[in-house]
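Architecture and fold: a report
In case you want the letters, here they are:
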Amino acid sequence: QVQLVESGGGLVQPGGSLSLSCVASTRIYSANTMGWYRQAPGKQREFIGSISRGGFTVYVDSIKGRFTISRDNNKNSAYLQMNSLKPEDTAVYYCNAVIISSAGARPLEVWGQGTLVTVSS
């Protein structure tokens, strides 16, 4: 079963930056839209942004101008560059993607296990 693997989380001070990565656990044929979600303590998981295979990005208002989503289609990976971090950005960040595991396979939605980002002084 293909999964996504996130990395790059950690503790950062307010105003600081972190970069998260997301890559498939095994070799896949392709990834379509790749998205980032987060779940803050005591809250539901929320969508924060996505990027299409062609590079079209969507962001929620709370991260616009601070976070940037990018991807590498050759590596079927996605990235989340987070700048000007605030304490309210503290959450577990999850990667999501619609993948094609092999040629001719049906699209499959997969998730990562999440990586914790803590913004605190």
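The structure reproduced in this document is the subject of the present report. Every chain's residues receive numbers from 1 upward, in the order its sequence appears when written. In keeping with the predicted nature of the model, local features appear solely for residues at pLDDT of at least 70, side-chain atom pairs appear and are counted solely at 80 or more, and the whole-chain, interface and lining totals rest on all residues. With hydrogens and water excluded, all non-hydrogen atoms of the structure serve as input to the side-chain values.

Remarks on the state of the cysteines
The rule for a disulfide is simple: a pair of cysteine sulfur atoms within 2.5 Å. This model, assessed by the stated rule, comprises 1 disulfide. Shown here is the disulfide that connects Cys22 with Cys95, its sulfur atoms set 2.0 Å apart. On the sign convention where negative is left-handed, the bridge of Cys22 and Cys95, at about -80° about the S-S bond, is left-handed. Highlighted residues: Cys22 in strand β3 (residues 18–24) and Cys95 in strand β9 (residues 91–100), separated in sequence by 73 residues. Of the two residues, Cys22 and Cys95, neither departs from the other in class, the shared state being buried. To qualify as a helix, a DSSP run of H or I must reach at least 4 residues; to qualify as a strand, a run of E must reach at least 2; elements of each kind are numbered from the N terminus. Relative accessible area decides the class of each residue, using a 1.4 Å probe on protein chains only: under 20% of the type maximum gives buried, over 50% gives exposed, and in between gives partly exposed.

Observations regarding the pattern of salt bridges
Whenever Lys or Arg places a side-chain nitrogen within 4 Å of a carboxyl oxygen from Asp or Glu, that contact is recorded as a salt bridge. Applying the stated criterion to the full structure yields 4 salt bridges. Across the pair Asp89 and Arg38 runs a salt bridge whose closest N-O atoms are separated by 2.9 Å. Highlighted residues: Asp89 in the loop between β8 (77–82) and β9 and Arg38 in strand β4 (residues 30–39), separated in sequence by 51 residues. When sorted by exposure, Asp89 lands in the same class as Arg38, which is buried. Its salt-bridge partner being Lys64, residue Asp61 comes within 3.2 Å of it at the nearest N-O pair. Because the salt bridges share partners, they merge into one network encompassing Arg38, Glu46, Arg66 and Asp89.

As for the pairing of β8
As a general feature of sheets, a regular strand has side chains that alternate between the two faces. Strand direction decides the pairing type here: β3 and β8, joined by 6 bridges, are antiparallel. Paired with Cys22 across the bridge in β8 is Ala78. Note that strand β7 (residues 67–72) and β8 share 6 bridges and pair antiparallel. Of the residues in β8, the one forming a bridge with Arg71 is Ala78. Here, strands pair whenever DSSP counts at least two bridges between them. Hairpin geometry of β7 and β8 is characterised by an intervening segment of 4 residues between the two adjacent antiparallel strands and by a positive phi of about 50° at Asn76.

A closer look at the packing of aromatic side chains
Within a pair of aromatic rings, the relevant descriptors are the distance that separates the centres and the angle that separates the planes. Only Phe, Tyr and Trp rings are paired, with Trp represented by its six-membered ring, and only when their centres lie within 6.5 Å; those with planes under 30 degrees apart are stacked, over 60 edge-to-face, the remainder tilted. This model, assessed by the stated rule, comprises 2 aromatic pairs. Pairing Tyr37 with Phe47 gives two aromatic rings, centres 5.5 Å apart and planes at 70°, and the pair type is edge-to-face. Here the residue Tyr37 occupies a position in strand β4, and Phe47 occupies one in strand β5 (residues 46–51), the gap between them amounting to 10 residues. Looking at Phe47, the relative accessible area reads 30%, which means it is partly exposed. Taken together, the ring pairs connect Tyr37, Phe47 and Trp111 into an aromatic cluster.

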